[in-house]
Amino acid sequence: MKPSNETMLSFYQQLGRVFYGIADADGTVRLDEVEKLDTIVKEHWVPLEDTFDEFDTDAAYQIEIVFSWLHENEWHEGNTLQEFADYMKEHPKLFTEKNRQLIYDTAEKIAESFHGFNKKETTFLHALSDLLRY
């Protein structure tokens, strides 16, 4: 059975938080990181499935919308991955091997987009990897 639109919207919103978390791991979100996320969303997340929001926009753009909102509001939150872990437990069917790999790859590409990985990003990626069970 296909997940509801509401479930898919919340899935993408959670991903927006996780991807913002990796971009903000060092306390600064850089333009290179935002541009990398935008590219990955368009190339990989939008084609993934066909859920749309109430404005008839592909639901995957919720990733960018949440990321942008968090950035504009200078959001700094230390428990992003714990909340994501809770979400994974509530919706395990959304976390297929393909989705898990795409989540990790997206986070990794965001982290390396600005002069490679720093220590805080590496720590975040290790924690995300453990959460996704890589």
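Residues numbered from 1 in each chain as written. Predicted model: local features only at pLDDT ≥ 70, side-chain atom pairs only at ≥ 80, totals over all residues. Heavy atoms only, no water.

S.K.: What am I meant to see in the packing of aromatic side chains here?
M.R.: A ring pair, where both rings are aromatic, is described by two values, the distance of the centres and the angle of the planes. Counted by the stated rule, this structure contains nine aromatic pairs. Seen in terms of ring centroids, Phe19 and Trp45 are 6.3 Å apart; in terms of plane orientation they differ by 50°. Their pairing is tilted. One end of the pair, Phe19, is in helix H1 (residues 5-23); the other, Trp45, is in helix H2 (residues 31-45), and 26 residues separate them in sequence. The rings of Phe11, Tyr12, Phe19, Trp45, Phe84, Tyr87 and Phe95 are connected pair by pair, giving a single aromatic cluster. (Phe/Tyr/Trp six-rings, centres within 6.5 Å; stacked < 30°, edge-to-face > 60°. Helix = DSSP H or I, 4+ residues; strand = E, 2+ residues; numbered from the N terminus.)

S.K.: Sorry if this is basic, but what is going on with H2 here?
M.R.: Structural remark: α-helix, 3.6 residues per turn; residues separated by three or four positions point the same way. With 15 residues, H2 should reach 21 Å at 1.5 Å per residue; the first-to-last C-alpha distance of 20 Å fits that figure. All of the buried residues along H2 are Glu33, Leu37, Ile40, Val41 and Trp45. For H2, the angular spread of the buried residues around the axis is 105°, confining them to a single face. In H2, the exposed positions angled more than 90 degrees off the buried face are occupied by Leu31 and Glu43. At its buried positions, H2 is contacted by H1, helix H3 (62-72), helix H5 (97-112) and helix H6 (119-132). (Expected span 1.5 Å × (residues − 1). Buried < 20%, exposed > 50% of the residue type's maximum accessible area, 1.4 Å probe, protein only. Arc of directions from axis to C-beta. Contact = heavy atoms within 4.5 Å.)

S.K.: What is the right way to look at the nonpolar core in this model?
M.R.: General note: in soluble globular proteins, nonpolar side chains tend to be found buried as a group. Counting 41 residues, the largest nonpolar core has Phe19, Trp45, Phe84 and Leu128 as its most contacted members. Where this core is concerned, the elements lending two or more residues are H1, H2, H3, helix H4 (80-90), H5 and H6. Sort the elements by how many residues they give to this core and H1 lands first, with 10 residues. (Core = buried A, V, L, I, M, F, W, Y, C linked by side-chain atoms within 4.5 Å.)

S.K.: What should I look at first to understand unusual backbone geometry in this one?
M.R.: Most peptide bonds take the trans configuration, and most residues that are not glycine carry a negative phi. We note that Asp56 has phi near 65°; this positive angle belongs to a residue other than glycine. Take Asp56: it is sitting in the loop between H2 and H3. Even without being glycine, His115 reaches a positive phi, approximately 55°. Among the structural elements, His115 can be located in the loop between H5 and H6.

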